[in-house]
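One letter stands for each residue in the lines below.
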Amino acid sequence: MSVKSSVLGLLEMQKGVYVSGEDLAARFSCSRAAVWKAISALRKEGYPIHAVTNKGYILEPDSNLLSSEAILAYSDGCLAPVWVYPEVTSTNLVLRQKALEADGQGCPLSDGAMVLAESQSAGRGHLGRGFYSPKDTGLYLSILYHPKRYVSQSRVITAAAAVAVYTAVSQVCSIDLDIKWVNDLYFRRKKVCGILTEAVSSFETGEIEFVIVGIGLNLREPDGGFPSAISRQMGAITPDGRTADGVPVNRSQLAAQIRCRFLELADCTVVPEIYRSHNLVLGQDVLLTGPDGHTQPAKALTIEFDGSLTCRMADGSLHSFPYGDIRLTE
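Residues numbered from 1 in each chain as written. Predicted model: local features only at pLDDT ≥ 70, side-chain atom pairs only at ≥ 80, totals over all residues. Heavy atoms only, no water.

Engineer: Can you tell me about the overall build of the protein, naming the residues and giving the values?
Structural biologist: Per the secondary structure count, the protein includes eight helices and 14 strands. Taking 2.2 N^0.38 as the reference for a compact globule, 330 residues should give roughly 20 Å; the C-alpha atoms of the protein span a radius of gyration of 21 Å, in line with that estimate. The principal-axis extents of the C-alpha atoms in the protein amount to approximately 75 × 45 × 30 Å. Across the protein, the fraction of contacts at a sequence separation of at least 24, relative to all contacts at a separation of at least 6, is 63%. Here the protein carries 31 positive and 35 negative side-chain charges, and the mean point of each set is 4 Å from the other. (Helix = DSSP H or I, 4+ residues; strand = E, 2+ residues; numbered from the N terminus. Rg over C-alpha atoms; globule rule 2.2 N^0.38 Å. Contact = heavy atoms within 4.5 Å. Lys, Arg positive; Asp, Glu negative; His and termini not counted. Charge placed at Lys NZ, Arg CZ, Asp CG, Glu CD.)

Written as structure tokens, this is what we have:
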């Protein structure tokens, strides 16, 4: 790791606290001049780092730039690579390409490899829908995982990702979200997060070779609000990107915690209990669009251990749906 990356990682972990140049040089076995060069480079990249004589360097507490160094610093020992871009078409597409290239070279990416972007020009959501991904308002990321299971079990991985977001937001932001079958999270009855799970599988064995889990989380509403076509459905977890204590949501920490929690849950054989117990659809009247594309009224009853949804239909019969799309009726 370069001196610049090492310095940034430490300043992120000590955000709002002065760290002397002497201490930095000793910790990273480099000269004071190398530390100064690293600080200068970070300032040019936009990091608000101040220097005070006899105190050292301090990264402003409100600094909230996404960086691979900061994410790795919060990653609880997960050293899988992280890439951060100003803008991409889709983080899923970028990570998929990186995974295919690595596999082709015989050195596959490790579980937890992650791509993040400040914005997406062609963010994608469930059932081919777009996901609005403007700059400076959300967290847009994709995580790589190599499961040893069949394609039919991929919905358990989606459930693990939903619980990872739920848990990380609770830990970092002290905000409790609601999960909505299959792959959304809500806050105050509005969608704030979408999850898109895409698998590359073997036609011979039916096993998944790797999975890309894309997550888009709205941290604050865009300036001027969401586009009119989605403004009634979409929301954000905060009005201004700050927690109830007035502290900016630490995006790097939140991204790292989502990754850590997902890796803990990803190889479960059944959906996590939180996914079932905190799912807002249970007991509700819904309009359900099943795998055949047909939409009909139903009452959502239970989420099975494999992630499928059991509903009571209008004629009183019970049906289990492996996937689909539902809308709560008022």
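And the narrative resumes.
Engineer: I'd like a description of the environment of H294, backed by residues and values.
Structural biologist: Following the sequence through the fold, H294 ends up in the loop between strand 10 (285-289) and strand 11 (295-303). A residue is classified by how much of its surface remains accessible, and H294, at 43% relative accessible area, is partly exposed. Sequence separation between H294 and G324 is 30 residues; the distance between their C-alpha atoms is 9.8 Å. Once you skip the residues sitting within four places of it in the chain, H294 turns out to touch L288 and T289. (Buried < 20%, exposed > 50% of the residue type's maximum accessible area, 1.4 Å probe, protein only.)

Engineer: Let's hear about the packing of aromatic side chains: which residues, and what values?
Structural biologist: Note on aromatic pairs: each is described by the distance of the centres and the angle between the planes. Enumeration according to the criterion identifies three aromatic pairs in this entry. Taking 6.3 Å as the distance between ring centres and 65 degrees as the angle between the ring planes, the aromatic pair formed by Y132 and F226 counts as edge-to-face. Highlighted residues: Y132 in the loop between strand 4 (114-120) and strand 5 (138-145) and F226 in the loop between strand 9 (208-218) and helix 7 (251-265), separated in sequence by 94 residues. Sitting above the plane of the W83 ring, K98 keeps its charged end 4.4 Å from the centroid. (Phe/Tyr/Trp six-rings, centres within 6.5 Å; stacked < 30°, edge-to-face > 60°. Lys NZ or Arg CZ within 6 Å of the ring centre and 35° of its normal.)

Engineer: With reference to specific residues and values, describe the sheet that holds strand 11.
Structural biologist: Pairing is antiparallel across the open sheet formed by five strands, whose spatial order is 13-12-11-10-14. The sheet terminates laterally at strand 13 (318-321) and strand 14 (325-328), the two strands that pair on one side only. Averaged over all pairs of adjacent strands, the angle between their axes in this sheet comes to 45 degrees, without regard to strand direction. (Pairing = 2+ DSSP bridges. Axes fitted to C-alpha atoms, helices over the stretch in contact; angles between N-to-C directions.)

Engineer: Provide a residue-level description of the sheet that holds strand 5, including the pertinent values.
Structural biologist: The strand order across the open sheet formed by seven strands is 3-4-5-9-8-7-6, and the pairing between neighbours is mixed. The open sheet has two edge strands, strand 3 (82-88) and strand 6 (178-180), and neither has a second partner. For this sheet, the mean inter-axis angle between neighbouring strands, taken without regard to orientation, is 20 degrees. Of the pairings in the sheet, the one linking strand 3 to strand 4 comprises six bridges and is parallel in character. Opposite V84, over in strand 4, you have L116 as the bridge partner. The sheet strands contacting helix 5 (residues 91-104) are strand 3, strand 4, strand 5, strand 8 (190-201) and strand 9, and the helix crosses strand 9 at an angle near 155 degrees. Of the strands in this sheet, strand 3, strand 4, strand 5 and strand 9 are in contact with helix 7, which crosses strand 5 at around 30 degrees.

Engineer: Tell me about the environment of T329, and name the residues and values.
Structural biologist: Among the structural elements, T329 can be located in the segment after strand 14. Separated by 44 residues in sequence, T329 and D285 place their C-alpha atoms 5.9 Å apart. Once residues lying within four places of it in the same chain are set aside, the contact partners of T329 are D285, V286 and L287. One polar contact links the side chain of T329 to the main-chain carbonyl oxygen of D285, over a distance of 3.0 Å. (Polar contact = N/O pair within 3.5 Å; in protein donor to acceptor, adjacent residues only side chain to side chain.)

Engineer: Could you give me a rundown of the nonpolar core, with the residues and numbers involved?
Structural biologist: By size, the foremost hydrophobic cluster in this structure holds 65 residues, and its most contacted members are L139, L177, L217, L254, F262 and Y275. Among the elements that make up this core, the one with the highest residue count is helix 6 (residues 154-173) (14 residues). In contact with L254, not counting residues within four places along its chain, are L139, A168, V169, V172, C173, L217, L219 and V249. In terms of nonpolar packing, the next biggest core, distinct from the first, is built from 16 residues, V7, L10, L11 and A25 among them. (Core = buried A, V, L, I, M, F, W, Y, C linked by side-chain atoms within 4.5 Å.)

Engineer: Please give an account of the layout of surface pockets that cites residues and values.
Structural biologist: The volume enclosed by the largest pocket comes to roughly 980 Å³. Every residue lining the largest pocket is counted, 37 residues in all, and those nearest its centre are D184, Y186, K191, Q233 and M234. Tallied by class, the residues present in the lining of the largest pocket amount to 11 nonpolar, 15 polar and 11 charged. (1 Å grid on protein atoms, 1.4 Å probe; cavity = no way out; pocket = protein on both sides within 12 Å on 5 of 7 lines; lining within 4 Å. Points joined across faces, edges and corners; volume = space filled by probe spheres on them. Nonpolar A, V, L, I, M, F, W, Y, C, P; charged D, E, K, R; others polar.)

Engineer: So what about the pairing of strand 5? Which residues, and what values?
Structural biologist: With eight of eight residues buried, strand 5 is to be regarded as a mostly interior element. Note: strand 4 against strand 5, four bridges, orientation antiparallel. Looking at strand 5, one finds that L116 is bridged to L141. Pairing of strand 5 with strand 9, which is carried by eight bridges, proceeds in the antiparallel orientation. Among the inter-strand pairings, S142 is bridged to a residue of strand 9, identified as G214.

Engineer: For the pattern of salt bridges, give the residues involved together with the corresponding values.
Structural biologist: Taken as a whole, this structure holds 13 salt bridges when the rule is applied. K191 serves as the salt-bridge partner of D184, at 3.3 Å between the closest nitrogen and oxygen. Residue class for D184 comes out buried when judged on its relative accessible area of 8%. In this structure K191 comes out as buried when scored by relative accessible area, which is 18%. Measuring nitrogen to oxygen at the nearest pair gives 3.4 Å for the salt bridge that ties R276 to E273. Linking R276 with E273, this pair stays in helix 8 (residues 273-277), spanning three residues, or about one helical turn. Each of the salt bridges in this network shares a partner with another, and the network as a whole consists of D76, R261 and E264. (Salt bridge = Lys/Arg side-chain N within 4 Å of Asp/Glu carboxyl O.)

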